[in-house]
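# Secondary and tertiary structure notes
Each chain is listed here by its residues.
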Amino acid sequence: MTTCRGVVTFAEAVSWRRGMMVERKLLVLFGSQTGTAEDTAERIGREAKRRHFQCRVEALDGYEVANLINELLVVFVCATTGQGDPPDNMKMFWRFLFRKNLPLGSLCQLDYAVLGLGDSSYPKFNFVAKKLHKRVLQLGGNPLLPVALGDDQHDLGPDAVVDPWLLALWDKILTLYPLPPGLEIISPDARLPPKYTLHYLAEDAPHPDSDLLQPAAPRAVPSELHPFAARVLSNQRVTAESHFQDVRLIEFDVTGSGITFSAGDVVMIQPQNCPEDVQQFCQLLRLDPDRRFVLKPTEPGTSLPALLPQPCTIRHLVTHYLDISCVPRRSFFELLSFFSTNELEREKLQEFSSAQGQEELYSYCNRPRRTTLEALWDFPHTTCAIPPEYLLDLIPRIRPRAFSIASSTLAHPDRIQILMAVVRYKTRLSKPRRGLCSNWLASLNPEQGDVRVPLWVKKGGMKFPVDPETPVIMIGPGTGVAPFRAAIQERVAQGRGGNYLFFGCRQKSKDFYCQAEWEELVTKGFLTLFTAFSRDQEEKIYVQHRIRENRRLVWELLSSRRAHVYLAGNSKQMPAAVAEALQSVLQLEGGLSPSEAEEHLAALERSQRFQSETWS
C-alpha cells in the first residue's frame, strides 16, 4: 500500500490508525440511474450503523467534492449507463475527478473501495466503476479491496458479487477501525430507527394555500427539483387499433417554461401512481389519505426529501413519491420482516432477505415482475403493522422517466412531442404488467380539461453534425425513430438535405409511425427512406437487411461524403445486428478485412461519427 506515509504494510496502517485515534466515520457515495446503486449504498449505510460508524450516504453530485481530500474512509457505489456513461447524479463529480490539474498525491490519506453495478450483456460492462477505481488509485488513494463488479445478468443478480465482497470489506474496515471498547455489532435482528419521524398535524391545523404541482418559478430553467407543469395538447394513438402494441404521439405545451432543446435531447417526465392503487395501498396500511403530516430527520445532518412539500398529505406522498408499482428489492423484505407479528409471514420475509433465499425471491418477484403493492397484499398481517414513519425507508421514490424528444422547435415552436410505446405485457401473474409512466400518460385525455404533466429537459447523448453539408444515416426501428424525427424536422427547417432513414416495424398497415410525414418529405426530396416491415412477407426482414442491400450507397456516404451514422432503439439483438451489417458494408465495398472493419467502426465511434442510444 503506497500512501503519504510512504510504503506501508496493512499491519502498519492498522497500528498507525490506532495510534492516531482516528474517528470512526464512513462516507458512502453513490451514482445511481435506476435506484439499484442507491439501494445498495443505503444497505452499506445500515451495515455501518450496526458497526457503530458515523455514516453518511450521499449522491455523488450532492457531495461537495473538494472535501474528498479530507475524507479517510469512503465506499463508492456506482452504476454504468448507456454506452459506458456515468449516471446523471455523478456527472459533475466525474468531470471534477478527471481534471488534469488534480495533484497525483491528493487522496493519499483516503482508504476506499469501489462497488460497481452493471450488466455484462453491454460491451462496456461496469466501465465507470473500473475507471473510478483506477483514477482514485492514481490520485494516491489506498484500495481496501479490488473493485467489485456486480452483474445483472447473473442468476442471482448483482448480490452474487455484492454479498461476499461486503463481508470481506467489513473484515478489512474493522481491522483498521476496530469497534470501541465495550461495544458489539448490533444484531441483524434488531431494528434500526427510521430515517425520518412522521408527525401528524391536528385535523384543524390551518392549510397553507399551495398547489402541489406549481409551474416553475419565472426564469428558473425547469429541473428535477422544479419541473414545469406542461399542458397536454394531444394524445394520439399511431398504431392500428388491431395492432397488439399501443404507441402514442403525445404533444406538450411548454410556452413560457424557458425550456430550450435540440435534436437528440431528452425530456424527463415525473409519473404518478393511479388513484385505484393509491386507495388500495391506504386501505391495506389503514392510512387516512387526507391526513397531513410533517417529516423530521432522526439524525442531525440528514436532509429532508427535496421533492416532498412540508406539510404533506398521505395521498400526495403515495401518489407522487412512493414507487408502489416497482418490483421490490431484497432490502424491502428485510425491513418488512421487522414489523411482522405473524410467524409464518416473518419466516418467509426473512428467507427472502437472506443470501440463501435469493433464488426464491427472484422467482417470486423479479421473474413475474410482481409489484410492491402486490407483495404487500401477500403479507397482510405484516402490512397493517407497518409504522408510517418507515414508509420512506421501505419504498423507494418514483423516478423520472426519459423519452427521446420526437419534434423540433423549428417545426413546432413551444411544443415537445414524444413517441411512446405503452408498456403492457403478461407474466404468470393473472393481471397484465403495466409500465407506470407510459400507462399514466396514455390515460391522460386533454379533451377532459386542463391536463398537466411535470417535465424538464436534459441534454441527450446524440449530437448531430454542425456542418450543413454532412449527410446523416439514421437507423431507427420502432420507437427508436423518435430522435430522428426531431433531427429530420430540424434539418429540413434549415433547408438541409442528405437525410437517410432506415425504419423498421412489423407491418406497413399496422405500425408504420408517421408514414404520411415521411412520404411527403421523400416527395419533396428532403429524405431518402428505407423501410423494413418484418412480418409483411414469409421471411423476416429487418433494418440490418436493408443496410446490406444498400451497401454501395452506405459505403459511398461514409467514404466520400463523411456521413455520420446514428442508431437508436431496443438494446436486445438489434444494435449488434446493425453493427455486423455496417462491418459487412466496410468489408464488401471498402475491401477491409473483418478485423479492419471492426476497428474502422470503433474509430467512427471514437470520433463520434457513429453514435448510438439504446434502451432495454
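Residues numbered from 1 in each chain as written. Predicted model: local features only at pLDDT ≥ 70, side-chain atom pairs only at ≥ 80, totals over all residues. Heavy atoms only, no water.

The name given to the protein in an unreviewed UniProt entry is NADPH-dependent diflavin oxidoreductase 1, with the source organism recorded as Patagioenas fasciata monilis. Quoted verbatim from the Catalytic activity (unreviewed entry) field of UniProt, the annotation for the protein is "2 oxidized [2Fe-2S]-[protein] + NADPH = 2 reduced [2Fe-2S]-[protein] + NADP(+) + H(+)". Regarding the protein, the relevant UniProt record gives this comment under Subunit (unreviewed entry): "Interacts with CIAPIN1; as part of the cytosolic iron-sulfur (Fe-S) protein assembly (CIA) machinery. Interacts with DCPS." (UniProt positions renumbered as here; feature names shortened; annotations may be inferred.)

Quick look at the sheet that holds strand β10 (residues 228-237) now. If you trace the six strands from one edge of the open sheet to the other, you get β15-β12-β19-β10-β11-β16, paired in antiparallel fashion. Where the open sheet ends on each side, the last strands, each with one partner, are β15 (401-404) and β16 (415-421). Neighbour-to-neighbour, the strand axes of this sheet turn through a mean angle of 40 degrees, independent of strand direction. Where strand β11 (residues 247-253) lies against β16, seven bridges are found, and the strand directions are antiparallel. Bridge pairing in β16 places E251 opposite Q417. Contacting β10, β11, β12 (266-269), β15, β16 and β19 (452-458), helix α14 (residues 436-443) runs over the sheet at an angle of about 120 degrees to β16. (Pairing = 2+ DSSP bridges. Helix = DSSP H or I, 4+ residues; strand = E, 2+ residues; numbered from the N terminus. Axes fitted to C-alpha atoms, helices over the stretch in contact; angles between N-to-C directions. Contact = heavy atoms within 4.5 Å.)

This part takes up the domain arrangement of the protein. For the protein, the assigned domains are domain 1 (10-176), domain 2 (228-269 + 401-458), domain 3 (275-394) and domain 4 (472-614). In this structure, domain 3 and domain 4 have C-alpha centres spaced 45 Å apart. (Domains from an automatic or database assignment.)

Here the focus is the packing of aromatic side chains. Two aromatic rings are characterised by how far apart their centres lie and by the angle between their planes. Evaluated as defined, the whole model comprises 14 aromatic pairs. Through successive ring pairs, a cluster of aromatic residues spans F332, F333, F352 and Y364. The positively charged end of R24 is found above the aromatic ring belonging to F53, 3.9 Å away from the centroid. Across the ring face of Y200, the terminal group of R291 is positioned such that the distance to the ring centre comes to 4.3 Å. (Phe/Tyr/Trp six-rings, centres within 6.5 Å; stacked < 30°, edge-to-face > 60°. Lys NZ or Arg CZ within 6 Å of the ring centre and 35° of its normal.)

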